[in-house]
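The residues making up each chain are set out below.
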Amino acid sequence: MDYLLLLECLAITVGGGLTVYWLPSLALDWLYYKQRAEHAADWKLQPDRWAPKRLLKEERKLGTINMTAASVVSGILFYHVQTGGFSMLYFEVADYGWAYTIGSSIAFFVVGDLGLYWAHRWMHRKGPYRFMHRVHHRFRTPSAFTAVAAHPFEILTFQAIALAPIFIIPLHPGGVIAVLLYQHSVSLIDHSGVRFGMLFPWQGPAAFHDDHHVYFHVNFAQTIHWWDRMFGTWRRGELSYGEGSFVEDQQRESKLPLSYGQAAVEERCLARLEKKRSRRSLAKPEELSA
Ligand SMILES: [Zn+2]
Ligand SMILES: [Zn+2]
């Protein structure tokens, strides 16, 4: 075993991992939460809600532990490939040509993202949610640091799904790294709490995942938000959601297709009626004076 090479591999992945986690997250924090805190209504997705200091500290600590652990796994994998261990990675584009290299990288992104959608949706079933995924959902006003603040098992599950294809189909490491960096950037932006718009048509605005933290069992996609449209988990304005309204309950309780449960619909209707009633009672004095 070449311990020096192993150390080099770990230094590259852990150093790189912590840099791509901390640098952009700190930059977003400084640019918005420090510099423009007084003008929160102009940029903040939840302008009236601010995460308590205790949670801000916690997400940074948890995120750093997870990023280090995930980078150690990547470092060991890097060493394994460097020393001739099995994988389907190829290093010369000429081996398969540009068309295959670009096409397979896109397929790696799309199929991987679909896998991440279903893994995330599975984590919203009662058991896995209570066991691990609720750790990530403690952060209801997320920041870029929240992106990897989760139960370590969850991070390892996502990492396993993201990296499994390198053992299944021939892929170029350049494409793999580009896709992983792109997905990581999207995750930071989606958790930033800043009103960023859509960069590409397949990628939802930051509000899409911010809503996932506000409404829980809805909007599961990691990058391609079309999955939620396809599989009926896109947040629908006319329905109400909550931490206790799991997709499995929503589907069982509701006879309507793509619905989120009759109880939720009724709750929403009642809330709307209540709103109308209070508006009417507010309008009364004006009506009398007119
Ligand atoms: Zn979730
Ligand atoms: Zn999240």
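Residues numbered from 1 in each chain as written. Chains lettered and ligands numbered in written order. Predicted model: local features only at pLDDT ≥ 70, side-chain atom pairs only at ≥ 80, totals over all residues.

A. Quick look at the environment of asparagine 219. Tracing the chain through its elements places asparagine 219 in the loop between helix 8 (206-215) and helix 9 (226-230). Taking the C-alpha atoms as reference points, asparagine 219 and histidine 209, 10 residues apart in sequence, are found 6.6 Å from one another. The contact partners of asparagine 219, leaving out residues within four places of it in the chain, are Phe208, His209, Asp211, His212, Asp228, Thr233, Trp234 and Arg235. (Helix = DSSP H or I, 4+ residues; strand = E, 2+ residues; numbered from the N terminus. Contact = placed C-beta atoms within 7 Å.)

B. Up close: the nonpolar core. In this structure, Tyr117, Ala144, Ala147, Val148, Ala149, Ile155 and Ala221 are the most contacted members of the largest nonpolar core, which totals 25 residues. Going through the elements one at a time, helix 1 (3-34), helix 3 (53-82), helix 4 (98-123) and helix 6 (152-163) are the ones with two or more residues in this core. Among the elements that line this core, the one with the most residues is helix 1, at four residues. Apart from residues lying up to four places away in sequence, alanine 144 is in contact with Pro24, Ser25, Leu28, Leu188, His191 and Ser192. Formed by five residues, the second largest nonpolar core is a distinct cluster that contains Phe108, Phe109, Val176 and Val179. (Core = buried A, V, L, I, M, F, W, Y, C linked by C-beta atoms within 7 Å. Buried ≥ 20, exposed ≤ 12 C-beta atoms within 10 Å, placed from the backbone.)

C. Structural context of helix 6. Here helix 6 contains 12 residues, and its C-alpha end-to-end distance of 16 Å stays within 8% of the 16 Å for a straight helix at 1.5 Å per residue. Along helix 6, the positions that sit buried rather than exposed are Glu154, Ile155, Thr157, Phe158 and Ala162. Looking straight down helix 6, one finds that the buried residues subtend no more than 160° of arc, so they occupy a single side. Each element contacted by the buried residues of helix 6 is listed here: helix 3, helix 4 and helix 7 (173-191). (Expected span 1.5 Å × (residues − 1). Arc of directions from axis to C-beta.)

D. Structural detail: the packing of helix 3 against helix 6. Between helix 3 and helix 6, the least distance of the axes is 10 Å, while the angle of their chain directions is 35°. Seen along the crossing, helix 3 lies across helix 6 with a hand that is right-handed. Listed contacts from helix 6 to Asn66, Ala69, Ala70, Val73 and Leu77 of helix 3 are Pro152, Ile155, Gln159 and Leu163. For the contact of helix 3 with helix 6, the per-class residue count stands at seven nonpolar, two polar and no charged. (Axes fitted to C-alpha atoms, helices over the stretch in contact; angles between N-to-C directions. Left-handed = near helix turned anticlockwise from the far one by under 90°. Nonpolar A, V, L, I, M, F, W, Y, C, P; charged D, E, K, R; others polar.)

E. Molecular detail of the packing of helix 1 against helix 3. One way to put it is that helix 1 packs onto helix 3 with a least axis distance of 8 Å and a crossing angle of 140°. Considering only the axes of helix 1 and helix 3, their crossing is right-handed. Contacts from Leu5, Leu6, Cys9, Leu10, Thr13, Val14, Gly17, Leu18 and Tyr21 of helix 1 reach helix 3 at Gly63, Met67, Thr68, Ala70, Ser71, Val72, Ser74, Gly75, Phe78, Tyr79 and Gln82. Split by residue class, the contact of helix 1 with helix 3 holds 12 nonpolar, eight polar and no charged.

F. Expanded view of unusual backbone geometry. With a phi angle near 70°, phenylalanine 216 is a residue other than glycine that sits in the positive phi range. By the secondary structure assignment, phenylalanine 216 is in the loop between helix 8 and helix 9. Backbone geometry at asparagine 219 places phi at a positive 55°, although glycine is not the residue there.

Interpretation note: all reported values are geometric properties and have no functional meaning in isolation.
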